[in-house]
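Letter by letter, the chains look like this.
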Amino acid sequence: MIEHLTEIVEEARKRGKKRLAVAYGQDSHTLEAVYEAYKEGLVEPTLYGDKATIERVCEENGLDLKAFNVVDEPNDVKCVQQAVAAVVAGNADVLMKGLVSTDKYMRGILNKDFGLLPPKGVLSHVAVLELPMYHKLLLVSDVAVIPYPDMNQKIRIAKYLIGTSRTLGIRTPKLAVIAPSEQMLPGIQSSVDAAILAKMGDRGQLGDALVDGPLAVDVALVREAAETKRLTSSVAGDADCLLFPNLDAANAFFKAATKLCGARLAGMVVGTRCPCVLTSRGDSPESKLYSIALAALSAD
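Residues numbered from 1 in each chain as written. Predicted model: local features only at pLDDT ≥ 70, side-chain atom pairs only at ≥ 80, totals over all residues. Heavy atoms only, no water.

**Here we look at the overall build of the protein chain**
Condition: Elements are defined by DSSP. Helices are runs of H or I of four residues or more, strands are runs of E of two residues or more, and each kind is numbered from the N terminus. Only the C-alpha atoms count toward the radius of gyration. The rule for a globule is 2.2 Å times the residue count to the power 0.38. Between two residues, a contact is recorded if the distance between any of their heavy atoms is within 4.5 Å. Methods summary: accessible areas were calculated by the Shrake-Rupley approach with a probe of 1.4 Å, and residue burial reflects only the protein chains presented. As used throughout, the charge tally considers Lys and Arg to be positive and Asp and Glu to be negative, leaving His and the chain termini uncounted. For this purpose, a charge sits on NZ of Lys, CZ of Arg, CG of Asp or CD of Glu.
Regarding its fold elements, the protein chain presents eleven helices and eleven strands. Taking 19 Å as the expected radius of gyration for a compact globule of 300 residues, we find that the protein chain reaches 19 Å, a close match to that expectation. With the principal axes as the frame, the protein chain shows a C-alpha extent of 60 × 40 × 30 Å. A fraction of 70% describes how many contacts in the protein chain between residues 6 or more apart in sequence connect residues 24 or more apart. Roughly 13000 Å² of accessible area belongs to the protein chain as shown, and the carbon and sulfur atoms make up 48% of that amount. Here the protein chain holds 34 positive side-chain charges and 37 negative ones, and the gap between their average locations is 5 Å.

**Things to note about the pairing of strand E5 (residues 124-130)**
Going by this rule: Buried means the residue's accessible area, taken with a 1.4 Å probe over protein chains only, is under 20% of the maximum for its type, while exposed means over 50%, and partly exposed covers the values in between. The pairing criterion for strands is at least two bridges between them, as found by DSSP.
Along E5, seven of the seven residues are buried, which leaves the element largely enclosed by surrounding structure. Residues Ser124, Val126, Val128 and Glu130 point to one face of E5 and His125, Ala127 and Leu129 to the other, with burial holding for every one of them. When E5 meets strand E10 (residues 264-270), the two strands line up antiparallel, connected through seven bridges. Pairing of Ser124 across the sheet is with Val270, part of E10. In this structure, E5 lies alongside strand E6 (residues 138-141), joined through three bridges in antiparallel fashion. Along E6, the bridge assignment pairs Val128 with Leu139.

**Here's the deal with the packing of helix H4 (residues 76-88) against helix H5 (residues 102-110)**
To keep it simple, the criterion reads: Comment: axis = line fitted to C-alpha atoms, over the contacting stretch for helices; angle = value between 0 and 180 degrees taken between N-to-C directions. By convention, the crossing between two helices is left-handed when the near helix turns anticlockwise from the far helix through less than a right angle, and right-handed when the turn is clockwise.
Following both chains from N to C, one finds H4 and H5 inclined at 35 degrees, their axes separated by 9 Å at the closest point. With respect to the hand of their crossing, H4 and H5 are arranged in right-handed fashion. Contact with H4, carried on its side by Asp76, Val77, Val80 and Val84, involves Lys104, Tyr105, Gly108 and Ile109 of H5 and no other residues of that element.

**Observations regarding the pattern of salt bridges**
Heads up, the condition is: In the sections that follow, a salt bridge refers to a side-chain nitrogen of Lys or Arg positioned within 4 Å of a carboxyl oxygen of Asp or Glu.
This model, assessed by the stated rule, comprises 17 salt bridges. For Glu60, the salt bridge is made with Arg56, and the minimal N-O distance between the two is 3.4 Å. Pair noted here: Glu60 and Arg56 are both in helix H3 (residues 51-61), with a separation of four residues, about one helical turn. Owing to a relative accessible area of 57%, Glu60 belongs among the exposed residues under this scheme. For Asp238, the salt bridge goes to Lys174, with nearest N and O atoms at 2.6 Å. One end of the pair, Asp238, is in the loop between helix H9 (223-228) and strand E9 (241-243); the other, Lys174, is in strand E7 (residues 174-178), with 64 residues separating them in the sequence. Across the pair, Lys174 and Asp238 agree in class, each one buried. Within the structure, one salt-bridge network assembled from shared partners comprises Lys136, Lys174, Asp238 and Asp240.

**Some thoughts on the sheet that holds strand E11 (residues 276-277)**
Reading across the sheet, the eleven strands line up as E3-E2-E1-E4-E11-E10-E5-E6-E9-E7-E8 and stay open at both edges, with mixed pairing between neighbours. Edge positions in the sheet fall to strand E3 (69-72) and strand E8 (210-215), since each of these pairs with one other strand and no more. Taken together, the six bridges between strand E1 (residues 18-23) and strand E2 (residues 43-49) define a ladder with parallel strand orientation. Looking at the pairing, Ala23 lines up with Tyr48 of E2. Where helix H2 (residues 28-39) meets the sheet, it contacts E1, E2 and strand E4 (94-97), and its direction lies at approximately 155 degrees from that of E2.

**Examining unusual backbone geometry**
In this chain, Ser141 is followed by Asp142 through a cis amide linkage whose omega measures 0 degrees. With respect to the helices and strands, Asp142 occurs in the loop between E6 and helix H6 (151-167). Cis peptide bonds are those with omega within 30 degrees of zero, and the linkage from Gly213 to Pro214 qualifies with 0 degrees. Positionally, Pro214 belongs in strand E8. Its identity is not glycine, yet Lys120 carries a phi of approximately 60 degrees, on the positive side.

Have a look at this one:
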């Protein structure tokens, strides 16, 4: 079982290089991360972006331009289209967002004519956090894509979390379905949904996983909190995955974990024809490297 983000890099290296298409990859953070992934033996990168800018950024940061196959395109939207087309044509295994904004990147992925979402597919985002105060990696969803998931979408998100956990070597992941309280509160929809998902988990409808909910964040992650509240649960205090009721809650937790608690992270879009790296333009090269490694490890 993978216990640290650095181990994702090591495991991805063992699987061999994946072909990486980077949409508008011309900023220093993206280029540094992709170059490091190349040196680690994770990817064979193709950059779609303004060649002159890429050359200048590489020179300023001491990066070997020969590591990249560069497709010269100054327009960010066209870069996304070309990178997505490379995946659709079977010429790339992983897609990555560069300096382009998230909305333009997602529009390219979701385009009905040439995008990467299968018919009736559900797009979501999985983040993997390494928190200094938690005893193992923690998977969180959805922090970036689905604002207010319905029950069918929550079922898909649960399966994405469980599937990504297995990629990390967790045989029977522990999934906590988050609500404001571990009490079953019929008047709160997130509590009702969590109880339904927990029952589905009990019946094996979500696969080989331990699923419990509703659980508040404290009892999901802190064993002493669960014991104080006399909560009997196979998940409480030892969750591998947190499924949040909506993007508001998930994103707030994610930002607090990374900005206030020093969590390191990897993240990717799932439910697409290939893993898609989605990080903030302000994320560090380290986070982007871990995200590339996670996507490479998840790629067929």
